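Chain by chain, the residues run as shown.
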Amino acid sequence: MSDKEYDLAVIGGGPGGYTAAIAASSKYGLKTVLIEKENIGGTCLGHGCIPTKTYLSAADEVQAIKNGNRLGVMVNEADVRIDMAKLHAYKNEVVGKLQDGIMQALTHAKVDYVSGTASIRSNMAIDVKTGSGSELIKTSKILIATGSEPCKLPIKGVDLPHVYNSNEMLEMTELMSPLVIIGGGVIGLEFASMYSALGAQVVVLEAMDRILSNMDRDLAVNLKQILSKRSVKFHTGAEVSEISKAGFRATTALEVKFKDKKTETETTVPAQTVLVAVGRKASTEDLFDKNCIPTIPSMERGRIIVNDRYETDVPGIFAIGDVTGGIQLAHMASAEGLNAVAAIAGKEQLPIRTDVVPACVFTDPEIASVGLTADEAKKAGIAVKSIKYVTGANGKSVLTGQERGFIRILTESETGKVLGAQMMCARASDMIGEFSSAIVNGLTVDQISMAIRPHPTFNEMIWEMTR
Ligand code: NAD
């Protein structure tokens with residue numbers, strides 16, 4: 001056992017943890033160690049954002065080839081097929097490259113890296129179980145960034161073969177169809193968009209009365225219409241009760257039973273594969289050595305509670321990202337990581353505003369949203385004006401054959417300041433940052449329009465609608 005002493009030990013090497021560790025060392029000069037039990041990059045890189053976006057990029061490619069005939073690129077649609085094993089290998093290559101990049105950045109920033117499972121003994125000591133034994137790490141401060149993991153659905157049949165969570169789905173080397181997705185949230189819809197584009201039949205079962213219940217209603221309604229046109233089937237208000245093996249004459253492996261909450265009728269849908277995407281829970285299992293640590297930080301439903309400077313109620317132990325609940329997004333975790341190390345370094349003013357957080361759904365078309373929605377403004381009694389732009393007038397959208405979409409900006413009636421924006425169009429995820437920046441800096445629509453955007457681009461839509 002070796003003893004090492006640090007100013008800061010970060011537990012968890014996802015976007016929150018590695019961003020924090022790099023900033024702690026390179027910006028604030030803290031002697032920093034990062035402890036990770038799997039691979040560097042966390043859920044985002046290993047089982048989330050990057051793998052799904054790699055698959056979605058293959059789905060886009062398939063669609064582009066199929067649409068090619070319109071532009072004179074002649075292909076036989078029947079010849080277009082997806083080799084999932086090859087796509088899976090490509091995904092691993094992408095993940096590997098990005099993991100190498102992060103490891104280089106850590107080395108460059110002089111962050112020590114320990115591969116192993118951390119168990120917190122006190123607010124100044126961590127045991128790490130490594131492949132070759134164990135290591136004791138002594139540290140002045142601890143930053144927990146252990147993320148989250150998929151929630152398990154408490155129904156019969158979830159442990160059957162071919163029932164997967166999103167991590168497991170991304171390791172499949174065959175395209176299984178029909179795919180039944182339980183949960184019409186962000187993960188469910190990204191998989192629905194990607195799998196339907198790759199050629200699978202997809203059924204989405206959502207418990208609430210609409211998909212994407214946390215997002216603007218218009219975005220959800222439009223996306224549902226577009227995906228339905230592509231043969232994705234939706235059942236909302238669906239109470240899933242059981243997954244079972246299909247009868248011996250069936251052509252699929254499984255059946256999923258659900259009750260329509262309105263009509264009380266029970267239906268069974270066939271499935272070759274079931275994806276359970278019903279949310280994620282904080283990862284805190286075995287994080288604290290309960291025999292040693294005098295006090296464990298307070299938690300609420302498994303999430304670690306922190307104050308506005310990311311400190312728990314145990315002095316010296318901080319936490320950020322999914323493990324604290326709140327908004328479970330990679331960029332939110334990175335922002336919180338940067339703020340937390342500024343707080344740990346004693347800075348009064350934290351560098352990032354975390355009350356304005358863009359959210360994106362990487363379906364085709366993409367959805368992006370930031371700030372207030374019309375419903376939220378109404379509930380809060382804020383008088384707003386709305387500007388809506390329909391993408392059919394945009395040259396780049398027309399020439400690339402995009403689906404109909406829209407951009408909506410909400411401004412405060414009295415001042416004209418931008419309070420929120422919702423987008424459903426190509427490259428929405430690349431453009432929503434314009435509105436984050438506008439909201440954070442208190443810009444009005446007139447101020448947004450003062451800057452020229454190039455033509456012909458998707459981005460010029462923002463200029464056209466604001467001038
Ligand atoms: P989610 O909360 O977005 O959606 C889960 C959905 O499942 C909800 O609509 C819920 O009503 C439904 N549901 C719950 N129990 C159900 C049941 N028994 N039957 C049917 N439906 C049920 O969660 P998620 O999609 O699992 O995503 C988890 C987290 O990861 C989210 O916070 C999400 O924002 C984040 N994430 C973000 C991105 C992105 O930014 N593009 C991508 C993937 C995941």
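For the structure, check the block above.
Thresholds, definitions, all that
Residues numbered from 1 in each chain as written. Predicted model: local features only at pLDDT ≥ 70, side-chain atom pairs only at ≥ 80, totals over all residues. Heavy atoms only, no water. Helix = DSSP H or I, 4+ residues; strand = E, 2+ residues; numbered from the N terminus. Expected span 1.5 Å × (residues − 1). Buried < 20%, exposed > 50% of the residue type's maximum accessible area, 1.4 Å probe, protein only. Contact = heavy atoms within 4.5 Å. Pairing = 2+ DSSP bridges. Salt bridge = Lys/Arg side-chain N within 4 Å of Asp/Glu carboxyl O. Near = heavy atom within 4 Å. Areas by Shrake-Rupley, 256 points an atom, 1.4 Å probe, with all protein chains shown as cover. Nonpolar A, V, L, I, M, F, W, Y, C, P; charged D, E, K, R; others polar. Axes fitted to C-alpha atoms, helices over the stretch in contact; angles between N-to-C directions. Parallel < 35°, antiparallel > 145°, perpendicular 65-115°, else oblique. Left-handed = near helix turned anticlockwise from the far one by under 90°.

### Some details on helix H4 (residues 84-108)
Between its first and last C-alpha atoms H4 spans 36 Å; for 25 residues at 1.5 Å apiece the expected length is 36 Å, and the two agree. Along H4, the residues classified as buried are Met84, Leu87, His88, Lys91, Val94, Val95, Gln99, Ile102 and Leu106. Against helix H1 (15-26), strand S2 (32-36), helix H2 (42-46), helix H3 (49-67), strand S3 (112-122) and helix H6 (186-198) lie the buried residues of H4. Of the residues one or two after H4, Lys110 is the one with positive phi, at around 65°.

### Here's the deal with the pairing of strand S23 (residues 418-424)
Counted residue by residue, S23 has six buried out of seven residues, so it is predominantly covered. Of the strand pairs in this sheet, strand S20 (residues 367-371) and S23 are connected by five bridges, and their pairing is antiparallel. Bridge pairing links Ser369 to Gln422 in S23. Sheet topology places strand S22 (residues 406-412) next to S23; six bridges connect them, and they run antiparallel. Paired with Arg408 across the strands is Gln422, a residue of S23. Counting the residues that bridge the hairpin from S22 to S23 gives five residues, and of these Gly416 lies at a positive phi of roughly 80°.

### Quick notes on the pattern of salt bridges
Two side chains with opposite charge may pair up if their charged atoms get near one another. Within this structure, the stated rule accounts for 14 salt bridges. For Lys281, the salt bridge goes to Glu149, with nearest N and O atoms at 3.6 Å. Placement of the pair is Lys281 in strand S15 (residues 280-282) and Glu149 in strand S6 (residues 148-150), with a sequence separation of 132 residues. Here Lys281 falls in the partly exposed class, since its relative accessible area comes to 41%. Here Lys229 ties to Glu403 by a salt bridge, and the two come within 3.5 Å at their closest N and O atoms. Of this pair, Lys229 sits in helix H7 (residues 217-229) while Glu403 is found in the loop between helix H10 (395-399) and S22, placing the two residues 174 residues apart along the sequence. A residue is classified by how much of its surface remains accessible, and Lys229, at 63% relative accessible area, is exposed.

### Considering the site of the ligand
Around the ligand, the surrounding shell holds 20 residues, and the nearest of these are Ile187, Glu190, Glu206, Gly279 and Cys360. Starting from 840 Å² of accessible surface for the ligand in isolation, the protein chains cover 78%. Counted by class, the shell around the ligand contains 13 nonpolar, four polar and three charged residues.

### As for the packing of H1 against H4
In contact at an axis separation of 9 Å, H1 and H4 are set at 25° when each is read in the N-to-C sense. With respect to their mutual orientation, H1 and H4 come out roughly parallel. As H1 runs across H4, the sense of the crossing is left-handed. Contacts between H1 and H4 involve Tyr18, Ala21 and Ile22 from the first element and Ile102, Ala105 and Leu106 from the second. Classifying every residue of the contact of H1 with H4 by side-chain character gives six nonpolar, no polar and no charged.

### Regarding unusual backbone geometry
In the segment running from Ser177 into Pro178, the intervening peptide bond is cis, with an omega of 0°. Locating Pro178 in the fold gives a position in the loop between helix H5 (166-169) and strand S8 (179-182). The peptide bond linking Asp364 to Pro365 adopts the cis configuration, its omega dihedral lying at 5°. Checked against the element boundaries, Pro365 lands in the loop between strand S19 (359-361) and S20. If you check the backbone angles, Asp286 has positive phi at about 60° while not being a glycine. Along the chain, Asp286 turns up in the loop between S15 and strand S16 (299-300). Of the residues examined, Asp286 reaches a relative accessible area of 60% and is grouped as exposed.

### A word on helix H8 (residues 330-344)
With 15 residues, H8 should reach 21 Å at 1.5 Å per residue; the first-to-last C-alpha distance of 21 Å fits that figure. In terms of residue burial, H8 counts as a mostly covered element, since twelve of its 15 residues are buried. What H8 keeps buried is the set Met332, Ala333, Ser334, Ala335, Glu336, Gly337, Asn339, Ala340, Val341, Ala342, Ala343 and Ile344.

### Some remarks on the sheet that holds strand S21 (residues 384-390)
What the five strands build is an open sheet, ordered S19-S20-S23-S22-S21; its pairing is antiparallel. The open sheet has two free edges, formed respectively by S19 and S21, since each of these has just one partner strand. Taken over all neighbouring pairs, the strand axes of this sheet differ in orientation by 10° on average, direction set aside. In this fold helix H11 (residues 428-440) packs onto S19, S20, S22 and S23, with an angle of close to 175° to the strand it touches most, S23.

### A short note on the pairing of S3
Pairing of S2 with S3, which is carried by four bridges, proceeds in the parallel orientation. Bridge pairing links Leu34 to Tyr113 in S3. The antiparallel hairpin formed by S3 and strand S4 (residues 125-130) contains two residues in its connecting segment.

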